[in-house]
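Chain and residue survey
So the chains spell out like this:
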Amino acid sequence: MNFYQIIILIIVGVVSIIAVRISFKFDLNKYLENRRKIKIEQLKNICPHGRIIKINNKFAFESFFVSPMGTMNYVCPRCKCVVGKEDVDRINEIYLTNPTLVFKKQKEFIKRAKKLKII
Ligand SMILES: [Zn+2]
């Protein structure tokens, strides 16, 4: 092996190390981004899409769902979950009969949302 071959070998080595590092970094960022997306997606299942309010000493469930102009769908401004009218009614029904579930989900939602730094 002569001098030039050694130089070439070193250059090839350095270039391949850089290439591996760049691709690893790239994949890691993509992985973290995907994981974040999945976690935000999971928040939709935890979000209670409303809150418990007290009216005349009675507890009621107040839905967060709003129907944007020009659509038939309802969207939860908190978790960006999009559902139809039947789902809104179904969700309201569940939480109206089970207020403790709302508190439980609310607590969990805030905990996870803070971790993801979205609230
Ligand atoms: Zn929601």
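We now turn to the structure provided with this report. Please read all numbers here as calculations on a predicted model, not as lab measurements.

Next up on the list: the nonpolar core. Counting six residues, the largest nonpolar core is built from C47, F65, Y74, C76, C79 and F109. In this structure Y74 touches F65, V66, S67, V83, K85 and V88, once residues within four positions along its chain are discounted.

What follows concerns unusual backbone geometry. One non-glycine residue, N57, adopts positive backbone phi at about 65°. Position of N57 among the secondary structure elements: in the loop between β1 (50-55) and β2 (58-63). By C-beta crowding, N57 is classed as exposed, having 5 other C-beta atoms within 10 Å. Here the phi dihedral of K117 falls at roughly 55°; this positive angle occurs in a residue that is not glycine. Here K117 shows up in the segment after α3 (99-115).

Turning to α3, a few remarks are in order. Compared with the 24 Å implied by 1.5 Å per residue over 17 residues, the 25 Å span of α3 between its first and last C-alpha is a close match. Looking one or two places after α3, you find K117, whose phi comes out positive at around 55°.

It is worth spelling out the environment of S63 at this point. Structurally, the position occupied by S63 is in strand β2. It is 8.2 Å that separates the C-alpha atoms of S63 and V88, two residues lying 25 residues apart in sequence. The contact partners of S63, leaving out residues within four places of it in the chain, are H49, G50, V88 and N92.

Definitions and cut-offs
- Residues numbered from 1 in each chain as written.
- Predicted model: local features only at pLDDT ≥ 70, side-chain atom pairs only at ≥ 80, totals over all residues.
- Core = buried A, V, L, I, M, F, W, Y, C linked by C-beta atoms within 7 Å.
- Buried ≥ 20, exposed ≤ 12 C-beta atoms within 10 Å, placed from the backbone.
- Contact = placed C-beta atoms within 7 Å.
- Helix = DSSP H or I, 4+ residues; strand = E, 2+ residues; numbered from the N terminus.
- Expected span 1.5 Å × (residues − 1).

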